[in-house]
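Here is how the chains run, residue by residue.
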Amino acid sequence: MSSSPQVQTQKPNQDQTQEPNQDQTQGPNQDQNQDNAKEEVKAEEKEEKKEEKREKKEDKKEANEAKREQKKEKQDSWKDFIYNPRTGEFLGRTAGSWGLVIRPHAVEITFNRSDPENYKHYIRQLHDLLQSYNDSIQERNELCMVGEYTTQDNEPVKKVCQFKRSTLRQCSGLPDPSFGFKEGKPCIIIKMNRVIGLKPEGDPYINCTAKRATSLQMQYFPSEGRLDKMFFPYYGKKSHPDYVQPLVAVKLLFTKEDYNIEQTVECKVEGSNLRNDDERDKFLGRVTFRVKVSE
Amino acid sequence: MCMTMMSMFGCMLMAWLARRTRCLRREQEGEGGFNTGPVDKDDRSPKKKKGGTKDMDDLKKEVPITEHKMSLEEVCRKFQTDVVQGLTNAKAAEFLLRDGPNALTPPPTTPEWVKFCRQLFGGFSILLWTGAILCFLAYAIQAATEDEPAGDNLYLGIVLTAVVVITGCFSYFQEAKSSKIMESFKNMVPQQALVIREGEKVQINAEEVVAGDLIEVKGGDRIPADIRVTSAHGCKVDNSSLTGESEPQSRSPDCTHDNPLETRNIAFFSTNCVEGTARGIVICTGDRTVMGRIATLTSGLETGKTPIAVEIEHFIHIITGVAVFLGVTFFILAIILGYTWLEAVIFLIGIIVANVPEGLLATVTVCLTLTAKRMAKKNCLVKNLEAVETLGSTSTICSDKTGTLTQNRMTVAHMWFDNQIHEADTTEDQSGAAFDKSSVTWLSLSRVAALCNRAQFKAGQDSVAILKRDVAGDASESALLKCIELSCGSVRMMRDKNKKVAEIPFNSTNKYQLSIHETEDPNDNRYLLVMKGAPERILDRCSTIMLQGKEQPMDEEMKEAFQNAYMELGGLGERVLGFCHLLLPEDQYPKGFAFDTDDVNFQTDNLCFVGLMSMIDPPRAAVPDAVGKCRSAGIKVIMVTGDHPITAKAIAKGVGIISEGNETVEDIAARLNIPVSQVNPRDAKACVIHGSDLKDLSQDQMDDILRNHTEIVFARTSPQQKLIIVEGCQRLGAIVAVTGDGVNDSPALKKADIGVAMGISGSDVSKQAADMILLDDNFASIVTGVEEGRLIFDNLKKSIAYTLTSNIPEITPFLFFIIVNIPLPLGTITILCIDLGTDMVPAISLAYETAESDIMKRQPRNPSRDKLVNERLISIAYGQIGMIQALGGFFAYFVILAENGFLPSQLVGIRLNWDDRNLNDLEDSYGQQWTYEQRKIVEFTCHTAFFVSIVVVQWADLIICKTRRNSVFQQGMRNKILIFGLFEETALAAFLSYCPGMDVALRMYPLKPTWWFCAFPYSFLIFVYDEARKLILRRNPGGWVEKETYY
């Protein structure tokens, strides 16, 4: 626990030599090649803040599991309003906040299943995303205890839990390089935003629903859309460089009747304390997208 | 190309603004209109507009009345009337239809909504309207092109509109409030007139009087029109409101002077008949009367802007120029950098909002209002808010004499008896020296003065100080009455003891007044004859003179002594009366003798001369001191009066307008015993100019006089000449204040940069033409006005410097946002929170700051050089303090973003991704990923922190703005309002940050307490920096630092 702040403080300096993030192509420009005095000042400031934050959080999380739910609720109520000096937590970035994004990255996924050129760019995105989940890479990582947090606050080098691409099965792009686009049953991969120190409670899983009268058949990989606790918490890209967040793939089993009709699908994180109903933030613990398949 | 476009746009805007402000100003001047409410010269009838200048020139000429030179028959013929029967009713009705009612035309009023609209589009409003319209436009485009348009622009548009409307309402009500002051002065009582029509006397409304009407006036009446007197019985009129002469003038049917204003046979509209009765034929009514012409001249005068209006306009130009320049530059830059039109427009809005100090004009209004209130407490009532400062800029005061410099009360000043001049006490509070009252001669003199006197105190004033009591009777007799009452006790008792048996009242042929009384001693059956009158006439009737109580024959020596005394007192500008008496011999005039006053059957010569008494309207006690203060404050005081030159000069010397040792050309000539023409006019610093000489002066000669003489007295001036004098001073670049109370002063009052009317003695017309009213009629109050005016000018500088400083930390976030693509550090809403929220009270509190040095010891500011806002002020506010403030704000901004994981190095160029709604996994420097909304919360928290940082650095700014030269340690922190302001802005900032619901309402978020301290070092730096600057400035007077940074 005490080592955590240390790790944090090293980050700004390590940043300079850090490779750009491998698993996200969307990531912002991370050229961090200045090192001016101001930055150092800020880094120091940050150190103190983080330390305080971490300590408090750990105290809370580990010392009193029973009280946690209660506290969380309380926290929710004031969270948006007044800063609470007891926990040092700040606003939306508390444990309950977690953004969801999908791949392929588009608000509206429209394609013609019989024309590979038409959906090529979607597939490329998926392949790009899954590159870092390649089994060959993931086999270097460790197998972790299923259903338990991989807490390693005191380790100087954090281990990374294995998430093999193959666990996504039909949606891994391995058996079917078109991710089901060709057959009109596309795979959408849902990923959680990385948040340092976040440890979801309960058993989080992704649940998607189509916004229409009849239900839409869907297939989840891994099964039931489970997000295993072993991938949490995240320690930041300096100390956790090869970290990959768990993914959930949803295969939308469209039938011929669904073609040419725009289908709206909403996916939510459920089964945990993670918020998925923020009025303003439509991507907090949930994500909505539209798919339209044509022949 | 961009520059050309920009400058073109800028020029157009500025020209437009200049026009606007001018209109606005004119509108405000309109408030000072004539008689009934506000005037607007723009709204005058088309005829007036067309021939405006010609009409005005015509009005500036002297009165064209000729009827006084006509015979009665001619006059009757001219007006188709009869000296006995008057007009026929039919004719009267016809004339009424032809000439209109006998009333001064109330100038048309501007509709209230027009005034309101002018407030709504003046000043910075137009820039803000532009911003608001752009907002709505941007929203409309978004609504048309996007499914879910963000409401931000709509809200901002609404907020900007609200800001403009609210500040507009505020200014409108402030103006309305000050123009309401006038309503109390409106004369509501309808006047009645007694006319003779078809031989019958009828009482009619004065408005229905027509030219040709035969009317009758008696003592106490207000004369309903200009009349040619046909017959009069002891009629005296008070022309003071028209000519400034305080002495009532007698009226008679004879033409005594070519000048209609001087002749006896004309009585003027709205002057008062003091005593006697008169009949006359109406020759002019309504606007055609002399008074009406002055009124029309007054309300038709174009006056310039007030100095402060000029300064504010200049300042608005600068700010607008900067805003338009930056706005257009960055608009074009944004287009070049590849932003969309919509984005560029939004940037433009941001820059406009950041550049315009939205609350500043309201602050200025409040500061002026506060000063106006403070001045009202000191008896200076300000009608036009802007006039508050004008006295501070004033470099020349043209003061009327009567009632302003003087007490407007004839008072006995000197006495000559026992061959010696005695000085009486003329001070208002009887604090002056007393003379020897033990002489028997004085007893006789006082007895004559008390008995040969028709004046008496009005009843029920026993508790009032003698000098303040109302008296029935003319001014000289009142003066004598009060003088005797003060020195010898009750005059009434004296009169009771000496019963009056006969009396010959004063008339212009005799030039004396006499009465015959029983003596006090019941055993003495002789009658006492007392006489007073023009000294030379009295002397002629005397054969003896009383010296030390003994009658002595009047020899040549005594006669010469008398002449000398008479000359000396006359030379002091005093009105001299001679007094004599005689105890009539009992053998010739036994008890019960019937004295016939019509066919004088008693002795009126070989009397015994007792003495002389001379009277003057003495200067007010506080005036010499006030004139001195004006002098030391670099203000030239000119006396402009309708009174005679000798009196004027005497008073001028008495109050220091002509200071001791300074001579006029005539004085030099007299001293050197050479003709006046041989004296070099340059040798004389002082001069006394007669109205009739003034008439013949060319403009150059006039300028020459005003430029080369420091001490000037204009005597016997007409209202038109007063106006010419004011114009002459203004032509030389002076800012002119005019004080006056009469109608004759009103054109000058109106034309002056600041007209100051007298609250007690002033006529309604003069009050309406003036910008300021001295409630206690005391010239000394002007000094207060000058002091307050100068102080508010200095304090406005400070207030503006304070407010403008925060513009830089408001603008720079936008510029960096556009140029280096960082997330926006400060939003438009937070900018408005600063401009209209936290900055307001502190800026206003600077109006309460006390002067740094003796502001009455320095020269008046030079309007062409000493600007309210100059480049030094801008350089300090924008270039120095503002930059430090911006650093403080950015520091807080970077700290918060870094604490949240976005290190500064990553921020540069992040904007596109940051503001991308569809990018919900933006990665920070630590690998965390953020949704759009999460980032925005951080961003808005940064806005809040930036805002709080500005508040923190504004603490220091407020403290350094307290002084321009002194250290704050010299000035002290005694300004309680300022201290309150510091707490208020802090509390407001905390409220905006921590109040639940603010995240939804204003998108302001709670801050960690530590984030408040980010700007502290910068606040400290500002304080140290400016203290150091001011230290160097004080150590090296006139040095580089002063030249470059003293604003």
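Residues numbered from 1 in each chain as written. Chains lettered and ligands numbered in written order. Predicted model: local features only at pLDDT ≥ 70, side-chain atom pairs only at ≥ 80, totals over all residues. Heavy atoms only, no water.

*Asks:* Describe the packing of aromatic side chains, listing the residues and the values that go with them.
*Replies:* Going through the model one piece at a time under the given rule, you end up with 36 aromatic pairs over all chains. Aromatic pair Phe111 of chain A and Tyr119 of chain A: ring centres 5.8 Å apart, planes at 75°, arrangement edge-to-face. Taken as a pair, Phe111 of chain A and Tyr119 of chain A share a single burial class, namely buried. Where Tyr339 of chain B meets Phe347 of chain B, the ring centres are 4.8 Å apart and the plane angle is 85°; that geometry is what we call edge-to-face. Its relative accessible area of 4% is what places Phe347 of chain B among the buried residues. Following the ring pairs from residue to residue traces out a cluster consisting of Tyr527, Tyr589, Phe593, Phe595 and Phe602 of chain B. In this arrangement the basic side chain of Arg965 of chain B is found over the ring face of Tyr1046 of chain B, its NZ or CZ atom lying 4.5 Å from the centre. (Phe/Tyr/Trp six-rings, centres within 6.5 Å; stacked < 30°, edge-to-face > 60°. Buried < 20%, exposed > 50% of the residue type's maximum accessible area, 1.4 Å probe, protein only. Lys NZ or Arg CZ within 6 Å of the ring centre and 35° of its normal.)

*Asks:* Could you give me a rundown of the UniProt feature "transmembrane region" (unreviewed entry) in chain B, with the residues and numbers involved?
*Replies:* The residues that UniProt annotates with the feature "transmembrane region" (unreviewed entry) are residues 120-142, 154-173, 315-339, 345-368, 873-896, 937-956, 977-994 and 1009-1025 of chain B. What you have in residues 977-994 of chain B is 100% helix and 0% strand, and the ends, taken at the C-alpha atoms, are 25 Å apart. (UniProt positions renumbered as here; feature names shortened; annotations may be inferred. Helix = DSSP H or I, 4+ residues; strand = E, 2+ residues; numbered from the N terminus.)

*Asks:* I'd like to hear about the side chain of Lys383 of chain B, residue by residue, with values.
*Replies:* All names here are of chain B. With respect to the helices, strands and loops of the structure, Lys383 is situated in the loop between strand 8 (380-382) and helix 14 (387-393). No salt bridge is formed by the buried Lys383; its nearest oppositely charged neighbour, Asp771, is found at 6.2 Å. At 3.0 Å, the side chain of Lys383 and the backbone oxygen of Lys767 are in polar contact. (Lys, Arg positive; Asp, Glu negative; His and termini not counted. Salt bridge = Lys/Arg side-chain N within 4 Å of Asp/Glu carboxyl O. Polar contact = N/O pair within 3.5 Å; in protein donor to acceptor, adjacent residues only side chain to side chain.)

*Asks:* Explain a nonpolar patch on the surface residue by residue, including any values.
*Replies:* A grouping of Phe136, Tyr155 and Ile158 of chain B is seen on the molecular surface, where their side chains present a nonpolar patch of about 310 Å² in accessible area. Looking at the secondary structure, you find Phe136 of chain B in helix 7 (residues 125-145). (Patch = residues over 30% accessible without salt bridge, like charges linked within 9 Å, V, L, I, M, F, W, Y side chains within 5 Å. Areas by Shrake-Rupley, 256 points an atom, 1.4 Å probe, with all protein chains shown as cover.)

*Asks:* Just give me the short version of the packing of helix 28 (residues 780-805) of chain B against helix 32 (residues 871-899) of chain B, but keep the residues and values in it.
*Replies:* Residues and elements named next belong to chain B. Where helix 28 meets helix 32, the closest approach of the two axes is 8 Å, and the angle between their N-to-C directions is 40°. Classified by the angle their axes make, helix 28 and helix 32 are oblique. Seen along the crossing, helix 28 lies across helix 32 with a hand that is right-handed. Taken together, the residues of helix 32 that come into contact with helix 28 (itself represented by Lys797, Ile800, Ala801, Leu804 and Thr805) are Leu873, Ile874, Ala877, Tyr878, Ile881, Gly882 and Gln885. Its residues assigned to classes, the contact of helix 28 with helix 32 comprises eight nonpolar, three polar and one charged. (Axes fitted to C-alpha atoms, helices over the stretch in contact; angles between N-to-C directions. Parallel < 35°, antiparallel > 145°, perpendicular 65-115°, else oblique. Left-handed = near helix turned anticlockwise from the far one by under 90°. Contact = heavy atoms within 4.5 Å. Nonpolar A, V, L, I, M, F, W, Y, C, P; charged D, E, K, R; others polar.)

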